Amino acid sequence: MRIDRRTMLHLATGAAVLPLMGARAAVPAATMTMWRDPGCGCCVEWAKRMEAAFGARMQVVNTADMTAVKRARGVPDDLWSCHTAMVRSVVVEGHVPPEDIKRLISSGPKSLVGLAVPGMPAGSPGMDIGHDHKQRYQVVAFGPGGRRAIFATHG
């Protein structure tokens with residue numbers, strides 16, 4: 001398995017930030033980075049929604065080693081989806097709606113690491129293009145030590 005220099009830098013930076021997740025206010029509002037497999041198109045659609053909702057540009061990092069990205073950010077294996085992002089200091093796994101991310105940032109418990117939508121449910125942001133069918137799905141909040149709770153339900 002080869003990791004290019006740019007990916008390694010992003011992984012190292014994320015690993016250094018992970019212990020500081022409680023310090024959300026210290027991170028600039030426009031900080032958004034998404035790691036994705038270059039062959040996945042729904043990730044780009046989700047990023048467009050995020051840019052519109054947050055009024056900021058999403059930095060997109062293409063990588064073939066998504067496993068390393070997810071592990072470096074503490075995403076539990078059973079919550080994995082197709083892309084992983086950092087929005088401010090919140091880990092975002094998969095097709096989490098922007099309004100849920102905003103709610104966590106503004107009022108959520110500071111002990112949470114992130115939010116996840118496991119899999120790729122039809123009707124979730126980025127997975128709703130050309131779909132008439134919408135699945136019911138849950139946004140899961142996760143924290144240190146494997147803690148988790150249902151943060152929101154959609155669909």
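Structural notes, computed from the coordinates.

Cut-off values and rules
- Residues numbered from 1 in each chain as written.
- Predicted model: local features only at pLDDT ≥ 70, side-chain atom pairs only at ≥ 80, totals over all residues.
- Heavy atoms only, no water.
- Phe/Tyr/Trp six-rings, centres within 6.5 Å; stacked < 30°, edge-to-face > 60°.
- Lys NZ or Arg CZ within 6 Å of the ring centre and 35° of its normal.
- Buried < 20%, exposed > 50% of the residue type's maximum accessible area, 1.4 Å probe, protein only.
- Helix = DSSP H or I, 4+ residues; strand = E, 2+ residues; numbered from the N terminus.
- Arc of directions from axis to C-beta.
- Contact = heavy atoms within 4.5 Å.
- Lys, Arg positive; Asp, Glu negative; His and termini not counted.
- Salt bridge = Lys/Arg side-chain N within 4 Å of Asp/Glu carboxyl O.
- Polar contact = N/O pair within 3.5 Å; in protein donor to acceptor, adjacent residues only side chain to side chain.

**Overview of the packing of aromatic side chains**
- What the rule picks out here adds up to 0 aromatic pairs.
- The lysine or arginine in question, R73, covers the ring of W35, its NZ or CZ lying 3.9 Å from the ring centre.
- Cation over ring: R103 sits above F151, and NZ or CZ is 3.9 Å from the ring centre.

**A few points about helix α4 (residues 98-107)**
- Considered for burial, the residues of α4 that qualify are P98, D100, I101, L104 and I105. What you see down the axis of α4 is that its buried residues fit within an arc of 165°, all on one side. Opposite the buried face of α4, by more than 90 degrees, sit the exposed residues S106 and S107.
- In the core, the buried residues of α4 are packed alongside α2 (42-54), β3 (83-87), β4 (90-94), β5 (114-117), β6 (137-142) and β7 (148-154).

**A short note on the side chain of R36**
- When you line up the elements, R36 lands in strand β1 (residues 32-36).
- No salt bridge is formed by the buried R36; the nearest opposite charge belongs to D37, separated by 6.7 Å.
- Within the structure, the side chain of R36 is placed 3.2 Å from the backbone oxygen of P38, a separation counted as a polar contact.
- Among the polar contacts made by the side chain of R36, one reaches the side chain of N62 at a distance of 2.6 Å.
- If we ignore the near neighbours within four places in the chain, the residues touching R36 are G41, C43, V44, V60, V61, N62, T63, M66 and H83.

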